Amino acid sequence: MNPLTQLFIETDFDDAQFIAQHYEVFSISFFDHVLTEKEYVKASLVCYADVKNNPIKKEQFNNIAKQFNTLYNSLYEQASRQAFVALHNFLVPVISFELYQRYIDNALKERPLCCLLFPSLGCFIRTGYDLTHQCFIAKDFALSSKISAQHVKSMVIDVGLNILQR
């Protein structure tokens, strides 16, 4: 088993000390800051459920989704198309780009959320609510092809998304 996969399986996401010891973590978001409750309530679009039957919101959501897709597709390519998806407590190998794309599209619509693991890069993405996802870069990852947090952050900015520090 790949060291990142093993570390991912052992990770207790409620244990802040474990997370800080093993990962560099940052959030990837459509928003440029963590929304306050007041901002959240006033925002016209914070998740796919807000789209409803509004064609303007649907177009806006699709544009945001394109940014996330561009980022995640680039990570998939950098990982030589070798990825896993953690879904409903199961770790599933991605067997095709079409399936990978379906996982991302569903996660962006929060049905259901998942984790995208890129073992050869030493990182994984934990999809989340409100167009904000978390990126975990393993600190002590031995493989030489490990991706740096700075590289991922540059990719995030290049597609027009924002970095939110923990």
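Note that the coordinates shown come from a computational prediction; the quantities given were computed from them, not determined experimentally. Each chain carries its own residue numbering, running from 1 in the direction its sequence is written. Residue-level local features of this predicted model are given only where pLDDT is at least 70; pairs of side-chain atoms are given and counted only at 80 or more, and the full residue set underlies all totals for whole chains, interfaces and linings. For the side-chain quantities, the full set of heavy atoms in the structure was used; hydrogens and water were omitted.

S.K.: Which parts of the structure should I look at to understand the pattern of salt bridges?
M.R.: Working definition: two side chains of opposite charge can pair if their charged atoms are close together. We define a salt bridge as a side-chain nitrogen of Lys or Arg found within 4 Å of a carboxyl oxygen belonging to Asp or Glu. Applying the stated criterion to the full structure yields two salt bridges. A salt bridge links E24 to K153, with the nearest nitrogen and oxygen atoms 3.7 Å apart. Separated by 129 residues along the polypeptide, E24 in strand β1 (residues 23–29) and K153 in helix α6 (residues 149–158) bring together distant segments of the chain. Since its relative accessible area comes to 36%, E24 is described here as partly exposed. By the criteria applied, helices consist of DSSP H or I runs no shorter than four residues and strands consist of E runs no shorter than two, each listed in order from the N terminus. Relative accessibility thresholds used throughout: buried, under 20% of the residue-type maximum; exposed, over 50%; partly exposed, between the two (1.4 Å probe, protein chains only).

S.K.: Help me understand the environment of S44, please; the structure alone is not making it clear to me.
M.R.: Here S44 lies in the loop between α3 (37–42) and α4 (55–78). A relative accessible area of 44% places S44 in the partly exposed class. Linking S44 and K57, residues 13 residues apart in sequence, is a C-alpha distance of 8.2 Å. Throughout, a residue-residue contact means that at least one pair of heavy atoms, one from each residue, lies within 4.5 Å. In this structure, S44 is in contact with D50 and K57, ignoring residues within four places of it in sequence.

S.K.: Mind showing me how you'd approach the sheet that holds strand β2 (residues 84–87) here?
M.R.: Sheet strands associate in pairs through backbone hydrogen bonding, adopting either a parallel or an antiparallel arrangement. A strand pair is defined by DSSP finding two or more bridges across the two strands. The seven strands lie next to each other as β3-β2-β4-β5-β6-β1-β7, forming an open sheet whose pairing is antiparallel. Both outer strands of the open sheet, β3 (90–93) and β7 (162–165), are each paired with one neighbouring strand and no more. Strand-to-strand twist in this sheet, taken as the mean axis angle between neighbours without regard to direction, amounts to 25 degrees. Strand direction decides the pairing type here: β1 and β7, joined by four bridges, are antiparallel. Its bridge partner lying in β7, F26 is registered against Q165. For helices, the axis comes from a line fit to the C-alpha atoms of the stretch in contact; other axes are also lines fit to C-alpha atoms, and the angle between any two N-to-C directions lies between 0 and 180 degrees. Along the sheet, α6 contacts β1, β6 (132–138) and β7; its crossing angle with β1, the most-contacted strand, is approximately 0 degrees.

S.K.: Before we go on, may I ask you to explain the nonpolar core in this structure?
M.R.: If you look at soluble globular proteins, the nonpolar side chains tend to sit buried side by side. The nonpolar core is taken to be a set of buried Ala, Val, Leu, Ile, Met, Phe, Trp, Tyr and Cys residues, with the residues joined through side-chain atoms within 4.5 Å. Counting residues in each nonpolar core, the largest one holds 42 residues, and the members touching the most others are I28, Y72, L75, L116 and F118. Of all the secondary structure elements, the ones that give two or more residues to this core are β1, α4, β2, α5 (97–108), β4 (115–118), β5 (123–126), β6 and α6. Ranked by residues supplied to this core, first place goes to α4 with eight residues. The residues contacting Y72, other than those within four sequence positions of it, are I28, Y100, I104, L116, F118, I125 and H133. Counting 13 residues, the second-largest nonpolar core is a separate cluster that includes F8, I19, F124 and F136.

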